[in-house]
Amino acid sequence: MAAAKPRFAKNIAPEKLELLIAIVHSDKVRFYNKLIQSSEANIYLAMPASGTSERAIMNYLGLNQPNRAAIISVVREEKEKDLLELLDYNFTNLKGGGGIAVTVPLSSLIGTLVYGFLSNDKRTIQP
């Protein structure tokens, strides 16, 4: 007898997803990763970052320390505004917590499982 195939939930109205890109001080990466995870982000990637911006711009953005990191994550559109406000609050009020964050809409994804994983949607597969 063949093993039963997993059943997929039907009629899941997909929520739009956003790609979050944040540049932060490298010693604050763990803090910001946990902050991003608190917004139900299911995936994030942190890597060392450097750039060619002028020193005045980097000072203005609060990124005047030489060691920076880029955090890339996928968040649901409904969580985007609150997460950006939370990040902004910490960028301005946390000592040594300066940074910048932007989001870019993800306009095309293929497959329910990929979408379910990126959106942290538990309804994608039913037991």
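One can find the structure itself at the top, above this paragraph.
Attention here is on the structure that accompanies the text. Source: prediction; values computed, not measured.

Focus: the overall build of the protein
At step 1: Looking only at helices and strands, the protein features 4 helices and 6 strands.
At step 2: Counting helices and strands in the order they occur from the N terminus, the protein gives β-β-α-β-α-β-α-β-α-β.
At step 3: Long-range pairs, those at least 24 residues apart, make up 81% of the contacts in the protein with a sequence separation of at least 6.
At step 4: Here the protein has roughly 8,800 Å² of accessible surface; of this, 56% comes from carbon and sulfur atoms.

Comments concerning the packing of aromatic side chains
At step 1: Taken as a whole and assessed by the stated rule, the structure comprises 2 aromatic pairs.
At step 2: Among the aromatic residues, those joined into a ring-pair cluster are Phe31, Tyr32 and Phe91.

Concerning helix 1 (residues 29-37)
At step 1: For helix 1, the full list of buried residues reads Val29, Tyr32, Asn33, Leu35 and Ile36. For helix 1, the buried positions fall inside an angular range of 160° around the axis, keeping them on one side. Away from its buried face by more than 90 degrees, helix 1 exposes Arg30 and Lys34.
At step 2: Where helix 1 is buried, its residues meet strand 2 (17-25), strand 3 (44-49), strand 4 (68-76) and helix 3 (77-93).

Comments concerning helix 3
Residues spaced three or four apart along an α-helix point in a common direction, a consequence of the helix completing one turn every 3.6 residues.
At step 1: Here helix 3 spans 25 Å end to end across 17 residues, near enough to the 24 Å set by a 1.5 Å rise per residue.
At step 2: Taken together, the buried residues of helix 3 touch strand 2, helix 1, strand 4 and strand 5 (99-106).

Parameters at a glance
- Note that residues are indexed from 1 along each chain, following the sequence as it is written.
- Under the rules for a predicted model, residues below a pLDDT of 70 receive no local features and side-chain atom pairs below 80 are neither given nor counted, while totals for whole chains, interfaces and linings still include all residues.
- In computing side-chain values, all of the structure's heavy atoms are included and hydrogens and water are not.
- Helix and strand definitions here come from DSSP, where helices need a minimum of 4 consecutive H or I residues and strands a minimum of 2 consecutive E residues; each element is numbered from the N-terminal end.
- Any two residues having at least one pair of non-hydrogen atoms within 4.5 Å are treated as being in contact.
- The method behind every accessible area is Shrake-Rupley, applied with a 1.4 Å probe, and residues are considered shielded solely by the protein chains displayed.
- Two rings belonging to Phe, Tyr or Trp (six-membered ring only in the last case) form a pair when the distance between their centres is within 6.5 Å. Interplanar angles under 30 degrees mark stacking, angles over 60 mark edge-to-face geometry, and anything in between is tilted.
- The buried label goes to any residue with under 20% of its type's maximum accessible area, the exposed label to any with over 50%, and the partly exposed label to all in between, with areas taken from a 1.4 Å probe on protein chains only.
- In this context, the arc is that of the directions from the helix axis out to the C-beta atoms.
- Given the number of residues in a helix, its expected span is that number minus one, multiplied by 1.5 Å.

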